[in-house]
Amino acid sequence: MRQIDETHDPQLASWVESANRPGCDFPLQNLPFAVFRRAGSREPLRCGVGIGEAILDLTALGPAAPREGAAAEALAACAAPALNALMALGPQAWQALRRGLSRLLRADSPHARALAAALVPQAQAEFALPARIGDYTDFYTSIHHATAVGRLFRPDQPLLPNYKWVPIAYHGRASSIGVSGQRVRRPHGQLMPRGADSPRLAPSERLDYELELGVLIGPGNALGEPIPIERAEEHVFGLCLLNDWSARDVQAWEYQPLGPFLAKNFATTVSPWVVTLEALAPYRAPWRRAEHDPAPLPYLDCAALRAAGAIEIALEVALETALMRERALAPERLAQADFRDSYWSIAQMVAHHTVNGCNLAPGDLLGTGTQSGPAPQQAGSLLELTAGGSRPLTLKSGEQRRFLADGDRVILRAWCERAGFARIGFGEAAGTVWPAA
Ligand code: MN
């Protein structure tokens, strides 16, 4: 478990003025990582850290850069066009770099004047995927989502008997993961409407989003060597936002018996920013099971999990239709949820994924699955919000939605707040639906 240290002090202010504004996602206490270059340039992609409305270019620190030790080693890994090399180093290196960067960016830093030249405004940057994602697995950790969706697909047995024992997941597709700003082409697929006697190939009519977090893996494990739950978080670099775009009509027809396939693998959008587990240390919470639920098997249980295995992260999904853009209306929030309501924790995801010896590698991505809360308005997908499309939402623009329309832009956001600590945010993961080819 990462410790709270000097970098989390809520009194710390930065010489980057925009980082000190209330409500800013990237105050000095956050320091999320991204891969970027100046928009429209042919500069090499490289790693940076978000501070206020700027990016600190980690390849441009000059004489202010740490010269030796774990921080220097970590910094050297940041010249790459992806975070994988940094991710491979592990928590000690990440903590050393975080401490070094925090000191450089503090209001009293003697390097402020020199480092101003290493700042790139976020508004002038373009972002790449934060890592080369070798493998992608999507979990199903929200029992509220699993129950609500199960009710639609299997009214007689909403929650399958394995749910409270197994952290359910499927292997996703890494090739179609894109960074925020992704254009998502409405997919074709086999549709089998209720009452029809044969399927047809057509553009999905029930395109949906899923409000999720992504877990980015740090050091991997050797094939055949499971990661014990006590050490699972040492293998996690940080979290991003993740939208698992889903074609519900394709899904309903194809998902049995082997689970999601073409309903899911046409696009996944992640945020460019990775918020580290170090930054998330102040927002931990005990992980609990309801009294009448079974205790997890021993390989999915440990004292550290019980003490602080959950993380309080507020999640939000908003929609901006083409009409809203035309009329300059603000995006409309559709739902809010919180990651603390997840049935399975990050450590349990990692321990379970590797219990059979499966190997994870730096930059692998684990989706948490759609995060829905206990209340109906906390649903992380349209499937749930519209009861399978049967109860359309009426938006403030007067439009109605059962599922997504062409031109719709879906925006995910997340943030952490706790008394006595700074508020930190995740930026956004946005994607726009394009018409079918
Ligand atoms: Mn999903």
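For the structure itself, look to the data block above.
This section reports on the structure supplied with the text. What you are looking at is a predicted structure, and each value in this text was computed from that prediction instead of being measured.

**Comments concerning the overall build of the protein chain**
Along the backbone of the protein chain there are ten helices and 26 strands. Against the globule reference of 22 Å for 437 residues, the protein chain gives a C-alpha radius of gyration of 22 Å, in line with a compact fold. C-alpha atoms of the protein chain, sized along the principal axes, occupy 70 × 55 × 40 Å. Taken over 437 residues, the protein chain has a buried fraction of 57%. In the protein chain, 74% of the contacts between residues at least 6 apart in sequence involve partners at least 24 apart. Separation between the mean location of the 42 positive side-chain charges and that of the 45 negative ones in the protein chain comes to 3 Å.

**Things to note about helix H9 (residues 346-354)**
The buried fraction of H9 is high, at eight of nine residues. For H9, the complete set of buried residues consists of Ile-346, Ala-347, Gln-348, Met-349, Val-350, Ala-351, His-353 and Thr-354. Backbone nitrogen of Ala-347 and a side-chain oxygen of the N-cap are separated by 3.4 Å at the start of H9; the cap is Ser-345.

**So, the coordination of the manganese ion**
Taken together, the protein donors to the manganese ion comprise Asp-138 (OD), Glu-210 (OE), Glu-212 (OE) and Asp-244 (OD), at separations of 2.1 to 2.2 Å. When the donors of the manganese ion are listed by position in the chain, the intervening gaps give D-x71-E-x1-E-x31-D. Of this pair, Asp-138 sits in strand E6 (residues 136-139) while Asp-244 sits in the loop between strand E14 (236-243) and strand E15 (246-247); the two residues are 106 residues apart in sequence, bridging distant segments of the chain. Judged by relative accessible area, Asp-244 falls into the buried class, the value being 0%.

**Here's the deal with the nonpolar core**
Ranked by internal contacts, the top residues of the largest apolar core, which has 63 residues, are Leu-239, Leu-280, Ile-311, Ile-313, Leu-404 and Phe-426. By residue number, the principal contributor to this core is H9, which donates five residues. Counting 47 residues, the second-largest nonpolar core is a separate cluster that includes Phe-33, Leu-58, Val-270 and Val-274.

**Overview of the sheet that holds strand E9 (residues 182-185)**
One open sheet holds the five strands; their spatial order is E9-E26-E25-E20-E21, and the pairing between them is mixed. A single partner strand is all that each edge strand has here, and the edge strands are E9 and strand E21 (332-338). Each strand axis lies, on average, 20° off the axis of its neighbour in the sheet, ignoring direction. In terms of strand pairing, strand E20 (residues 314-320) meets strand E25 (residues 409-416) through seven bridges, oriented antiparallel. When the sheet's bridge partners are listed, Glu-316 is paired in E25 with Arg-413.

**Let's talk about the pairing of strand E3 (residues 54-57)**
A two-sided burial pattern is seen for E3, the buried positions comprising Ala-54 and Leu-56 on one face and Ile-55 and Asp-57 on the other. Summarising the sheet, strand E2 (residues 46-51) and E3 pair through four bridges and their orientation is antiparallel. By the bridge assignment for E3, Val-49 is matched with Leu-56. If you look at the hairpin formed by E2 and E3, you'll find two residues sitting between the two strands, and Gly-52 has a positive phi there, around 55°. Where E3 meets strand E4 (residues 119-121), three bridges bridge the pair, whose relative direction is antiparallel. Among the inter-strand pairings, Ile-55 is bridged to a residue of E4, identified as Val-120.

**Quick notes on the pattern of salt bridges**
Side chains carrying opposite charge are able to pair once their charged atoms draw close together. Enumeration over the complete set of coordinates arrives at 29 salt bridges. A salt bridge links Glu-6 to Arg-103; its shortest N-O distance comes to 2.9 Å. Note that Glu-6 is positioned in the segment before strand E1 (33-38) and Arg-103 in helix H3 (residues 91-105), a separation of 97 residues in sequence. The closest approach of N and O atoms between Glu-320 and Arg-409, which form a salt bridge, is 3.8 Å. Residue Glu-320 is found in strand E20, and its partner Arg-409 is found in strand E25; the two are separated by 89 residues along the sequence. The partly exposed category is assigned to Arg-409, whose relative accessible area is 24%. One connected set of salt bridges, linked through shared partners, spans Glu-316, Glu-320, Arg-325, Arg-333, Arg-409, Arg-413 and Glu-428.

**Brief notes about the environment of Tyr-140**
Counting through the fold element by element, Tyr-140 comes out in the loop between E6 and helix H5 (143-153). Overall, Tyr-140 belongs to the partly exposed group, its relative accessible area being 26%. Spatially, the C-alpha atom of Tyr-140 lies 8.9 Å from that of Tyr-343, the residues being 203 residues apart in sequence. Dropping the residues within four chain positions of it, Tyr-140 is found in contact with His-145, Ala-146, Val-149, Tyr-163, Ile-168, Thr-368 and Gly-369.

Rules of the game
- Residues numbered from 1 in each chain as written.
- Predicted model: local features only at pLDDT ≥ 70, side-chain atom pairs only at ≥ 80, totals over all residues.
- Heavy atoms only, no water.
- Helix = DSSP H or I, 4+ residues; strand = E, 2+ residues; numbered from the N terminus.
- Rg over C-alpha atoms; globule rule 2.2 N^0.38 Å.
- Buried < 20%, exposed > 50% of the residue type's maximum accessible area, 1.4 Å probe, protein only.
- Contact = heavy atoms within 4.5 Å.
- Lys, Arg positive; Asp, Glu negative; His and termini not counted.
- Charge placed at Lys NZ, Arg CZ, Asp CG, Glu CD.
- Polar contact = N/O pair within 3.5 Å; in protein donor to acceptor, adjacent residues only side chain to side chain.
- Donors = N, O, S within 2.8 Å, 3.2 Å for Na, K, Ca; no water.
- Core = buried A, V, L, I, M, F, W, Y, C linked by side-chain atoms within 4.5 Å.
- Pairing = 2+ DSSP bridges.
- Axes fitted to C-alpha atoms, helices over the stretch in contact; angles between N-to-C directions.
- Salt bridge = Lys/Arg side-chain N within 4 Å of Asp/Glu carboxyl O.

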